[in-house]
Structure formats: structure tokens, C-alpha cells
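# Coordinate inspection notes
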Amino acid sequence: MKDRTQRFREPGASDDIVASDGASPSAHAVTPSVEYLAEVVRSAEDAIFTTDRESRITSWNAGAQRMYGYVPEEVVGQDVGILTGFRNGDEVKDILEHLLRGERVERLRAERRHKDGRILFVSIVISPVRSAEGSIVGASTIARDVSKEREAEERLLQLNRRAEQQTLLLDMGVRST
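Attention here is on the structure that accompanies the text. (Residues numbered from 1 in each chain as written. Predicted model: local features only at pLDDT ≥ 70, side-chain atom pairs only at ≥ 80, totals over all residues. Heavy atoms only, no water.)

## Description of the side chain of H114
This is how it is decided: Elements are defined by DSSP. Helices are runs of H or I of four residues or more, strands are runs of E of two residues or more, and each kind is numbered from the N terminus. Two residues qualify as a contact provided that any one of their heavy atoms is within 4.5 Å of a heavy atom in the partner residue.
By secondary structure assignment, the location of H114 is in the loop between strand 5 (105–113) and strand 6 (119–130). Those residues in contact with H114 that lie beyond four places of it in its chain are M67, Y68, G69 and L120.

## So, the nonpolar core
Rules: We define the nonpolar core as a collection of buried residues of types Ala, Val, Leu, Ile, Met, Phe, Trp, Tyr and Cys that are connected through side-chain atoms lying within 4.5 Å of one another. Exposure is judged per residue with a 1.4 Å probe applied to protein chains only, and the accessible area is read against the type maximum: over 50% gives exposed, under 20% gives buried, and values in between give partly exposed.
Among the nonpolar cores identified, the biggest contains 22 residues, and W60, M67, Y68, L83 and I126 are the most heavily contacted of them. Those elements that provide at least two residues to this core are strand 3 (47–52), strand 4 (57–60), helix 2 (62–68), helix 5 (89–100), strand 5, strand 6 and strand 7 (136–145). Counting residues per element, this core draws most heavily on strand 6, which supplies four residues. Setting aside residues no more than four positions away along its own chain, I126 makes contact with I95, L99, R104, V105, A139, S140 and T141.

## Overview of the pairing of strand 7
This is how it is decided: Paired strands, in this sense, are two strands between which DSSP finds at least two bridges.
As judged from the six bridges shared by strand 3 and strand 7, these two strands associate in the antiparallel manner. If you follow D52 over to strand 7, its bridge partner there is G138. Two elements, strand 6 and strand 7, share nine bridges in a ladder whose sense is antiparallel. Residue I124 lies in a different strand from strand 7, and its bridge partner there is A143. Counting the residues in the hairpin turn of strand 6 and strand 7 gives five residues, including G134, whose phi is positive at 100°.

This is the structure we're talking about:
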């Protein structure tokens, strides 16, 4: 019987994540099928995509399409620079260096570019993807649009500055009387 179980290695984890087609169920662990895991990625609200070692986009979920505005046919095979804006080339190189060392890039807040040219503020986790043999073959990226949160933070900072200025003016008025 053909073994259709795939192993995904998580750097620094003590165990592999196992995905099975369900042909040999285990009483001790739930092993979701590859199809199930693919559906989880497809239906996720967050943008999830993968790149190869040369930073070319190799997969693209519906969340990425909604966030960035590109359909898969437009971005698969393209350099990830299409999303970062080419002015952020040093950032991409730095991230790639970390990934090739097997390191995860967590909770990076960064600017990314939508297809229509507007800037998005995103929170990103980028993880190395390893082959069954353990070599790094690419990266997975999970991105969440935090533009609204960023705008709210900016408004709050402006309101705090304005309140501080008004307090200073009131203090000066009280002292002069």
C-alpha cells in the first residue's frame, strides 16, 4: 500500500507536523489530510503565500488576493518585490538571509503595496519551508492587514499631542494670571 503521508518540518520543534490522507487513522493523534490543510489555507482570511529560494512567489491564497488585489496568475512566478515595492529591496535581502539560516521572521510590521498602488501596513510572519530531507526550499508568509489599526494609532498619537499642547497652554495661562 502506498504511503501518502507528508511530513512538514518546523524549525526548532521537537516533532514534525504530520498530514495524512486518512488511509491509516491513528487512535492517538488527529492527522489532517493534505486536502484538509490546503482548504485551511484556501479559506483563511489572512494572506498566505509561499516563495522559493529566489524570492519568486510560488503559491497564493484567496486572502492574499483580497489583501493585495492580484489574482494568482498575475503573481505566481513574480519576484516578491512586486509586493514590497522595489525601494524595500534591502529588507527583502535581510529577510531572505534569516530564512536561509533557518530563522523565522516574526511579527514584522511593514509597508506593502497593493496592486492599485496604495500602501498597506501589514503584520507578517515568514517561516522557512523545508523539504523532507531538511533543506530549505523556500518560505511561507502569513500577512494581516493592520492599516486600520495603524491609522487609529496615528490618530491617538495626534490627539495625545494636541492634549499635551492644550495642557501646556492652560498651564501658561494659569501662571500668567
